[in-house]
Amino acid sequence: MLQLPFIRENKELTLAGLKKKRVANADEAVEQVLTLDQQRRDTQKELDDVLAQSNAKAKEIGALMKSGQKEAAEAAKAETAELKSRSKELEESLKALEQQVMDVLVTLPNLPHSSVPEGRSAEDNEVVLENGDKPVLGDDALPHWDLIKKYNIIDFELGIKITGAGFPVYKGKGARIQRALINFFLDKALEAGYLEVQPPILINKDSGFGTGQLPDKEGQMYFATADELYLIPTAEVPITNLYRDVIVSEDQLPVKNVGYTPCFRREAGSWGAHVRGLNRLHQFDKVEIVQIRKPEESYQALEEMSLYVQGLLQELELPYRVLRLCGGDMGFTSALTYDMEVWSAAQQRWLEVSSVSNFETYQANRLKLRYKVEGKTQLLHTLNGSALALPRILASILENNQTPEGIRIPKVLVPYCGFEVIN
RNA sequence: GGAGAGAUGGGUGAGUGGCUGAAACCAGCAGUUUGCUAAACUGCCGUACCCGUAAGGGUACCGAGGGUUCGAAUCCCUCUCUCUCCGCCA
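Right, let's walk through the structure included here. A quick note: this is a predicted structure, and the numbers were derived from the prediction, not measured.

### What to know about the overall build of chain A
Right, so step 1: Of regular secondary structure, chain A possesses 13 helices and 19 strands.
Right, so step 2: In terms of its C-alpha atoms, chain A occupies a principal-axis envelope of roughly 100 × 45 × 45 Å.
Right, so step 3: Across the 423 residues of chain A, 50% fall into the buried class.
Right, so step 4: Considering only residue pairs separated by 6 or more positions, chain A has 73% of its internal contacts joining residues 24 or more positions apart.

Right under this line is the structure:
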């Protein structure tokens, strides 16, 4: 959520940012927020004054009662009636105005960092770098959805029976390589100084609001109606919400957490071409890194996180590229996002496997996540990144490493898998 | 699921209608002093919003929401959570 005082003092900057993010009704929305906010403040001033008068009168009455001046006290009581009804009115309109400000404010996305390129869609994203050699496969190379059948390691039909489309069953070496990847990713994060956490994978409304999934992305999450809990779309949500309503003491910074969780996404309306096999699932596994940083350090941290993720891809011997997302393609809550894509040799396309973002104060403002600087509380910056999401990593390992003798497991994973080839 | 008890500031914990934004103690911060890796003493020590260039002032908050009252941490209602006992159970 954007900070109201910031919008007030930086209206033009706000508008420019929102337009870069391709917000359709930016002028209108900002104007509305500022007008409502002014009304809100006026109303609060008036209410506070009325309440101050009421408090003074109440004290007066108390004193009169004590000194036995009953009649004077009764007379004073009569005077409070008007103040009371007035304060009630004002309180109601204050509440209404606060709600209205909030309603518009939550529709505004985060402002993009100055380095974010202009653009409308994925085609406008900036390729920051490309690394690794794309393998050249023979004509008989298979896409991963055929390889998983050939080697009987992932079963989509079985998943359909148990749950539905997009919920695959991993079997044998398929299950073992999943477990290997998770452990590999967690171990690497531990080496890099992250604290491992195992959060719940169901979250309440407040948590959904804290990281920005609610109110506007309600339809993307599975919802357990009996208990009003959402299945997490990413570990970002529970891990970042660990720090909701927290004033972190300076010596605990920076916070670096890593967690493995399954992730659940309804992906309503996003099925079609290019989503075969492991390319898009309703349930998948992911290791997520989350950092909480002082504002002045957050962009340096973002670069570190990007390099960290790239290091993982290098160790897995996967050709990858890094994109800086353009204003129109960025997430709602992000100020700057790098996407990491790996080359999927049989499909001949790039697959997104990680998204590393700095949210600046946007989430922290919702979370009320702060620290103290010289006695004053100040919002912190939150960042997170996939490190990494499994399915597409697995897809490209399967495709890129296929040989007539079977699928070669990347060296770093062999100790974790306990086998060198899937055949 | 059934029965009972409870929820106060970073922690412990007092407070049952006005003198309480809240005692006391601990932790923390600043300083004074003592010749010793510590003690004693003094002061400070919650959050948010509003007015103000500032100094400063106002308002709200004692699990959450509502109500009674001139006045609520304190009384009433609803909800949430925690603990204890019983039941069930990985």
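### Side note on the protein's contact with RNA strand B
Right, so step 1: Surveying the vicinity of RNA strand B reveals 21 residues, the closest of which are Gln44, Ala58, Lys95, Lys372 and Thr377.
Right, so step 2: Counting only atoms of RNA strand B within 4 Å of the protein, the sugar-phosphate share comes to 73%.
Right, so step 3: Between a base nitrogen of RNA strand B and a side-chain N or O atom of Asp48, the distance comes to 3.0 Å.
Right, so step 4: Residue assignment for the surface near RNA strand B shows that the elements contributing at least two residues are α3 (26-66), α4 (70-105) and β14 (370-373).
Right, so step 5: Among the elements that make up the surface near RNA strand B, the one with the highest residue count is α3 (twelve residues).
Right, so step 6: Here the residues of the surface near RNA strand B are counted per class, giving six nonpolar, five polar and ten charged.

### Considering the pairing of strand β10 (residues 283-293)
Right, so step 1: Most of β10 sits out of view: ten of its eleven residues are buried.
Right, so step 2: For strand β9 (residues 255-264) and β10, the ladder comprises ten bridges, and the chain directions are antiparallel. Bridge pairing in β10 places Pro262 opposite Asp285.
Right, so step 3: As judged from the seven bridges shared by β10 and strand β16 (residues 381-389), these two strands associate in the antiparallel manner. Opposite Val290, over in β16, you have Asn384 as the bridge partner.

### Here's the deal with unusual backbone geometry
Right, so step 1: The linkage connecting Leu214 with the following residue, Pro215, adopts the cis geometry, with an omega of 5°.
Right, so step 2: Here Pro215 shows up in the loop between α8 (205-210) and β6 (223-224).
Right, so step 3: Backbone torsion omega between Leu253 and Pro254 reads -5°, so that peptide bond is classified as cis.
Right, so step 4: With respect to the helices, strands and loops of the structure, Pro254 is situated in the loop between β8 (247-248) and β9.
Right, so step 5: Despite not being glycine, Glu317 has its phi angle at roughly 60°, a positive value.
Right, so step 6: Classification of Glu317 by relative accessible area gives partly exposed; the value is 35%.
Right, so step 7: Residue Gln348 is not a glycine yet carries a positive backbone phi of 55°.
Right, so step 8: Here Gln348 shows up in the loop between β12 (336-344) and β13 (349-358).

Quick notes on the rules
- Residues numbered from 1 in each chain as written.
- Chains lettered and ligands numbered in written order.
- Predicted model: local features only at pLDDT ≥ 70, side-chain atom pairs only at ≥ 80, totals over all residues.
- Heavy atoms only, no water.
- Helix = DSSP H or I, 4+ residues; strand = E, 2+ residues; numbered from the N terminus.
- Buried < 20%, exposed > 50% of the residue type's maximum accessible area, 1.4 Å probe, protein only.
- Contact = heavy atoms within 4.5 Å.
- Near = heavy atom within 4 Å.
- Polar contact = N/O pair within 3.5 Å; in protein donor to acceptor, adjacent residues only side chain to side chain.
- Nonpolar A, V, L, I, M, F, W, Y, C, P; charged D, E, K, R; others polar.
- Pairing = 2+ DSSP bridges.

Note that every value here comes from positions in space, so none of it alone points to a role or purpose.
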